[in-house]
Protein chains: 4
Amino acid sequence: MLPNGKIAESLYIDGAALLDKVESSALLIDCSTVAAASSRRIGEAAKQRKLRAIDAPVSGGVAGAEAATLAFMCGGEAADVEAAKEVLTHMGANIFHAGPSGAGQVAKACNNMLLAIHMIGTAEALQLGVDNGLDPKALSEIMLKSSGCNWSLEKYNPYPGVMDGVPASRDYSGGFMVKLMQKDLGLAMEAALASQSATPMGGLAAALYNLHAGQEDGNPDLDFSSIQRFFGEQS
Amino acid sequence: MLPNGKIAESLYIDGAALLDKVESSALLIDCSTVAAASSRRIGEAAKQRKLRAIDAPVSGGVAGAEAATLAFMCGGEAADVEAAKEVLTHMGANIFHAGPSGAGQVAKACNNMLLAIHMIGTAEALQLGVDNGLDPKALSEIMLKSSGCNWSLEKYNPYPGVMDGVPASRDYSGGFMVKLMQKDLGLAMEAALASQSATPMGGLAAALYNLHAGQEDGNPDLDFSSIQRFFGEQS
Amino acid sequence: MLPNGKIAESLYIDGAALLDKVESSALLIDCSTVAAASSRRIGEAAKQRKLRAIDAPVSGGVAGAEAATLAFMCGGEAADVEAAKEVLTHMGANIFHAGPSGAGQVAKACNNMLLAIHMIGTAEALQLGVDNGLDPKALSEIMLKSSGCNWSLEKYNPYPGVMDGVPASRDYSGGFMVKLMQKDLGLAMEAALASQSATPMGGLAAALYNLHAGQEDGNPDLDFSSIQRFFGEQS
Amino acid sequence: MLPNGKIAESLYIDGAALLDKVESSALLIDCSTVAAASSRRIGEAAKQRKLRAIDAPVSGGVAGAEAATLAFMCGGEAADVEAAKEVLTHMGANIFHAGPSGAGQVAKACNNMLLAIHMIGTAEALQLGVDNGLDPKALSEIMLKSSGCNWSLEKYNPYPGVMDGVPASRDYSGGFMVKLMQKDLGLAMEAALASQSATPMGGLAAALYNLHAGQEDGNPDLDFSSIQRFFGEQS
């Protein structure tokens, strides 16, 4: 699980050249969250050497790893993903096969982009309600049972005082940091650039997280639901 | 259930002046979807006349009304909303008390704005995945069990061929029309203007639905999940 | 020159009923910046009473008034706008006839929306250049002579230290305040709502100014080029 | 002048290895529009070999080249840019030194991003005016002399029938094609990703051009001012 594509490519190919050193029976499982292009390059290099390799970026955090409830989004041959399950199920509850090499990265980028969009949308909707006289708890209850429902609202309410045990209830400490969301949105934008896909909402989410991160020194280390603060004061 | 605030205000106050004609024991339940300002004006005029009145905009469509599964989002006195339940439960499964007069309108505007945001976000994420080689069904499955999950993805997948029985599987006919979403987003924008709330995602959703509606003559009458088409061809 | 449409309508029609008191030969020139709908209502009420009335919102600020370089954007009959010039030229250098009653307001809303868009765009482009190692002065020089050129860059460079005598060179004091831009963008959004026009850039500009205004207590009183600060530190 | 960074890097370094073949006195002037990272890599490789090299992307089109009015935005050592002028002035009227190696690319990306932003903003403002009853010519005249003024409005009015001799007056044929603007916005987004700069307006411009390009088969080949069509019918 390495921090970026350059380092991953260096490990497997350019620098340490792991692919030239492992046994031919090895199954390489890369859990780094990097650009799909990096994973594809590693996947192809492995294929040329007749090695089995999959990309398997993960979501769920430290708590998910400890509770063995992580989700692994895998790209590569179906048989290799199947074989990897033997190991991955010890850490994760959901092992998905997203498609060929690199597809695990694409799936994670799409999912986290959508997460960022509905997190910001939820923060925006709650603040709009509060600014127009509604109680954020009452509004949350209504939207949870209506068509506005989404994971951010249900598991991770960003408005302080509405839900217990979430980062919003402890000054946005812990959780999934803003800077990690910035990284994942960067990867989604990289994928969109590669395919010239239009991502108006995703692009705006990336810009808003960059703006939020830039407003205060500590913001990049806060949980990503702290985007609520960007929309207004909750004194 | 009247089409706009001007007509509703005309019925109750300015024109037909219903408030001056009903019996004092009447409980007025207005199910129109209009600006909160209109509902508040009607609510206040009723109060001055010592009449009971609530705003109770609805979501769920014709099918919901027939199946008695509508949601009513009510604004007004708690006791009046409670009294209205006797009638409303015959049509709806969820009768919410959102707050004082006008709060039903605000709650509906917030909910539908959030719905538009995650619908567009879902369409965008699915197209980004497809453009990068993923199968929309596989990607939908992954996001459904991950943090990208939301009502649009779960109940109303906008990508053709992924889910049975939804508008996307029948050329976006039926369902909740684009022009109705335009109206609801307009009401959300009106609320945001009144409170100078920042709604970057909501404002962008409103612009994208207006653009989508303007591209083809028939678009305003398509289901609102047809925004998927705006993002690309699915031939 | 009144602060909002409600007050203007109250002066002319609902409250003080000025239109019922002035001499029939009067030419009423309303320089308030208000919604076009308000100006149209006043214009029609004047017409019914066979009075001459135009809307003539102004741009250029206190300095422009003192130097007689204001711009007046007028809506109403051509002959009435012509007649008004006798007075207006004492304060302004450009007296425009935008169209029928209310058109002055629409023209000003469009212009100021476009101003907000290129001001933010300019701030964003300068910061992107600086973040990638460019000197803001050198980049400004290049864009001034290239297709990126616009009024904000030419007359009102938002980056501190690039241009003398502008608000950016004095900590964004003086000038056209953020809160006034928020008001004008609100009027543009009101016009867009009335016509269901798509304004993705204008809507985003409105959201960004609302966000900027909400980050710090004093921001609403800063000059509107302070949006540069929203994009990053210039220490 | 090569189409992308991979090809440019292949010419100078990886493939044809031009840098290993030219005379030591050579001054290499690369006029390709590519990512700053590519130009920097070529610049550094040249430096290691003690060769002089600059990046000098150009703006102005075929007509500008013929009339010798191109603008060259140069990155590299000041002395090398100065030396290059001997050649470049035969084709261009403005030879800018933007900064060190790669800075020419950054300057062009910033400028063209700003161009896209005010072109879309201008289209949007004109359509908003028209939708609210204004004549596009009258509105253009007003904004030209007011703070909304920008290069798109002044030299390249996107509304059909307002200005002679521009693409809008010939069904958006000729000019700077949508697909070239998509490429340049992609390079701006790549620069923003590299520096984690927030570019809300630039990102939205990129998304809107991608959406516009995807609506009709021929759109990518139209002039970029055809974004006006995206905003509405001008029948």
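For the structure given in this document, a descriptive report is provided here. Treat the numbers as computed from the prediction; the structure is a model and nothing was measured. (Residues numbered from 1 in each chain as written. Chains lettered and ligands numbered in written order. Predicted model: local features only at pLDDT ≥ 70, side-chain atom pairs only at ≥ 80, totals over all residues. Heavy atoms only, no water.)

Topic: the relation of the copies chain A and chain D
Item 1. Mapping chain A onto chain D is achieved by rotating through 180° and translating by 0.0 Å along the same axis, at an RMSD of 0.0 Å. Expressed as an axis order, the relation between the two copies is that of a two-fold axis. Ranked by how close their C-alpha atoms come to the rotation axis, the residues of chain A are headed by A:Gly203, at 2.8 Å. (Least-squares fit on C-alpha atoms with pLDDT ≥ 70 in both.)

Re the pattern of salt bridges
Opposite charge on two side chains permits them to pair, given that their charged atoms come into close proximity.
Item 1. If you walk through the whole model with that rule in mind, you get 24 salt bridges over all chains.
Item 2. The closest approach of N and O atoms between B:Glu9 and B:Arg41, which form a salt bridge, is 2.4 Å. One end of the pair, B:Glu9, is in helix α1 (residues 5–14); the other, B:Arg41, is in helix α2 (residues 36–48), and 32 residues separate them in sequence.
Item 3. Taking the relative accessible area as the measure of exposure, B:Arg41 reaches 34% and is therefore partly exposed.
Item 4. As a salt-bridge pair, C:Asp171 and C:Arg229 come within 3.9 Å of each other at their nearest N and O atoms. One end of the pair, C:Asp171, is in the loop between α7 (151–155) and α8 (178–195); the other, C:Arg229, is in helix α10 (residues 227–230), with 58 residues separating them in the sequence. (Salt bridge = Lys/Arg side-chain N within 4 Å of Asp/Glu carboxyl O. Helix = DSSP H or I, 4+ residues; strand = E, 2+ residues; numbered from the N terminus. Buried < 20%, exposed > 50% of the residue type's maximum accessible area, 1.4 Å probe, protein only.)

Describing the pairing of strand β2 (residues 52–55) of chain A
Residue and element names in this part refer to chain A.
Item 1. With four bridges connecting them, strand β1 (residues 27–30) and β2 associate as parallel partners. Within β2, the position partnered with isoleucine 29 by the bridge is isoleucine 54.
Item 2. For the handedness criterion, the β-α-β arrangement of β1, helix α2 (residues 36–48) and β2 is classed as right-handed. (Pairing = 2+ DSSP bridges. Right-handed = clockwise from strand over helix to strand, strands pointing away.)

Things to note about the side chain of D:Thr33
All names here are of chain D.
Item 1. With respect to the element layout, threonine 33 can be found in the loop between β1 (27–30) and α2 (36–48).
Item 2. Side-chain polar atoms of threonine 33 contact the side chain of lysine 108, separated by 2.7 Å.
Item 3. Sequence-distant contacts of threonine 33, that is, excluding residues within four places in its chain, are made with Leu2, Pro3, Pro57, Gln105, Lys108, Lys183, Asp184 and Leu187. (Polar contact = N/O pair within 3.5 Å; in protein donor to acceptor, adjacent residues only side chain to side chain. Contact = heavy atoms within 4.5 Å.)

Notes on helix α8 (residues 178–195) of chain B
Item 1. Between the first and last C-alpha of α8(B) there are 26 Å, a value that for 18 residues agrees with the 26 Å anticipated at 1.5 Å per step.
Item 2. Taken together, the buried positions of α8(B) are B:Val178, B:Met181, B:Gln182, B:Asp184, B:Leu185, B:Gly186, B:Leu187, B:Ala188, B:Met189, B:Ala191 and B:Ala192.
Item 3. Of the surrounding secondary structure, the elements contacted by the buried residues of α8(B) are α5 (103–131) of chain A, α5 (103–131) and α9 (200–215) of chain B together with α8 of chain C. (Expected span 1.5 Å × (residues − 1).)

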